[in-house]
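# Geometric and topological summary
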Amino acid sequence: MKQWSHKGAEWAYDDLGSGRPIVLVHGFPLDRRLWAGIVGELATHHRVIAVDLPGFGQSTLGQGFTISSVADDLAAMAESLNLGPIVAAGLSMGGYICEALADQHPEILTGLILVNTKAEADNPQQKDGRNKMLELARTKGSRAVADEMLGKMLSPTTIRQSPQIVRDLRAMMEAVLVKTLETALIALRDRSEYATLLPKLKLPVQIIAGADDVIAPPAIAEAMHQSAAGSKLTIIPDAGHLSPLEQPKLVADAFKAFLA
């Protein structure tokens, strides 16, 4: 593990391999361990940076964040680490951050990988859901949030056949401090709309969806694919919202084919 100090926060990250740099951005309420099953595969030919966002994993929260501010932070991190142009890959919340990065700092990107994510902002019903989860986090803590989310995150196949993944995911989610949950839920609720960005992108885009994802279903990924001209779409079988955790080999293969 390495650390990067920025705006009062200590960012934990892994920096493996060499070659074309790819930055991996996890979802909510997770950490960089989401990518553990694919990092080694990618690092054979690429420099792989897997970050813990502020407050998650081994990073500290510092001043807090928005989706837009984290995109700025990642651009600053890329400059600080002398990464040069990068491929940015993000899952769910991480995908929103990568979309913001493409909007705010397109000059640092050579490719974009959007995994189990969306481009639209929250609608009123979804905002209400964020507010209810905020209240749940504040009154009952991280374990209650994990209880609420876990069944929606994984495919039925994973839940049935991979109890260790279920245990690891629960531990990851329960470790997040309530202040971080609050900060992230507000950032998610108030994020910008990026659907109009997709048709304007001038760089290669890979979109990955889990066949059993109920949070960002394949139909959403298909719509994003149609919107982003020239993009590539990969549907991962027997995977829910966390395809890199559930089907790491298939996701690594999709990444490698895109990066090649």
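Note that residues are indexed from 1 along each chain, following the sequence as it is written. Two thresholds apply to this predicted model, a pLDDT of at least 70 for residue-level local features and 80 or more for giving and counting side-chain atom pairs, whereas whole-chain, interface and lining totals are computed over all residues. With hydrogens and water set aside, each side-chain value is computed from the structure's full complement of heavy atoms.

Where helix α2 (residues 67-80) contacts helix α3 (residues 93-104), the axes come no closer than 8 Å and their chain directions differ by 70°. By the angle between their directions, the pair α2 and α3 is classed as roughly perpendicular. Relative to α3, α2 is oriented so that their crossing is right-handed. In this structure, α2 contributes I67, S68, V70, A71, D72, L74 and A75 to the contact, and α3 contributes M93, Y96, I97, A100, L101 and Q104. Where helices are involved, their axes are fitted lines through C-alpha atoms of the stretch in contact, as for all axes, and angles between N-to-C directions lie from 0 to 180°. The helix count covers DSSP runs of H or I at least four residues long, the strand count covers runs of E at least two residues long, and both are numbered beginning at the N terminus. In this scheme, roughly parallel covers angles under 35 degrees and roughly antiparallel covers those over 145, while 65 to 115 is roughly perpendicular and the rest are oblique. With the far helix as reference, a near helix turned anticlockwise by less than a right angle produces a left-handed crossing, and one turned clockwise produces a right-handed crossing. Contacts are residue-level and defined by heavy atoms, with any inter-residue pair within 4.5 Å sufficient.

Let us now look at the nonpolar core. Buried Ala, Val, Leu, Ile, Met, Phe, Trp, Tyr and Cys residues form a nonpolar core when they are joined through side-chain atoms within 4.5 Å. Partly exposed residues are those whose accessible area sits between 20% and 50% of the maximum for their type, while under 20% is buried and over 50% is exposed, using a 1.4 Å probe and protein chains only. Counting residues in hydrophobic clusters, the biggest one holds 96 residues, and the most contacted among them are I22, F28, M93, L112 and F255. Apart from the residues lying within four places of it in its own chain, the contact partners of I22 are L42, H46, R47, V48, I49, V87, A89, I113, F255 and L259.

Time to look at the side chain of R191. Assignment of secondary structure puts R191 in the loop between α8 (178-189) and β7 (205-210). For R191, a relative accessible area of 7% translates into the label buried. Separated by 2.8 Å, the side chain of R191 and the backbone oxygen of E120 make a polar contact. A polar side-chain atom of R191 sits 2.9 Å from the main-chain carbonyl oxygen of L188. Think of a polar contact as two N or O atoms within 3.5 Å of one another; within protein, one of them needs to be a possible hydrogen donor and the other a possible acceptor, and neighboring residues in sequence only count if both atoms come from side chains.

The subject of this paragraph is helix α5 (residues 142-153). Note: α-helices contain 3.6 residues per turn, so residues at a spacing of three or four share the same orientation. With 12 residues, α5 should cover 16 Å at 1.5 Å per step; its first-to-last C-alpha distance of 16 Å lies within 8% of that length. Structurally, α5 contributes buried residues whose contacts are with α4 (124-140), α7 (163-174), α8 and α10 (243-246). An expected span of 1.5 Å times one less than the residue number is assigned to each helix.

Turning our attention to unusual backbone geometry. In this structure, the amide linkage connecting F28 to the following residue, P29, adopts the cis form with an omega of -10°. By the secondary structure assignment, P29 is in the loop between β3 (20-25) and α1 (36-43). Unusually for a residue other than glycine, N116 sits at a positive phi of about 45°. Structurally, N116 can be placed in the loop between β6 (109-115) and α4.

Moving on: the environment of K127. The topology assignment puts K127 in helix α4. Expressed as a C-alpha distance, the spacing of K127 and T139, which sit 12 residues apart in the sequence, is 19 Å. Look past the residues within four positions of K127 in its chain and what remains in contact with it is D122, R189 and D190. A distance of 2.7 Å separates a polar side-chain atom of K127 from the backbone oxygen of R189.

Moving on to α3. Spanning 12 residues, α3 covers 16 Å between terminal C-alpha atoms, matching the ideal 16 Å at 1.5 Å per step. The buried fraction of α3 is high, at 10 of 12 residues. All of the buried residues in α3 are M93, G94, G95, Y96, I97, C98, E99, A100, L101 and A102.

All right, on to the sheet that holds strand β2 (residues 9-16) then. If DSSP finds at least two bridges between two strands, the strands pair. Ordered in space as β1-β2-β4-β3-β5-β6-β7-β8, the eight strands form an open sheet in which the pairing is mixed. What marks the edges here is a single partner per strand, and that holds for β1 (2-6) and β8 (232-236). Mean inter-strand twist for the sheet, computed between neighbouring axes without regard to direction, equals 20°. For β7 and β8, the ladder comprises five bridges, and the chain directions are parallel. Considered in β8, the bridge of I207 is made with L233. Sheet strands in contact with α2 are β1, β2, β3, β4 (46-51) and β5 (86-91), and its direction is about 120° off that of β1.

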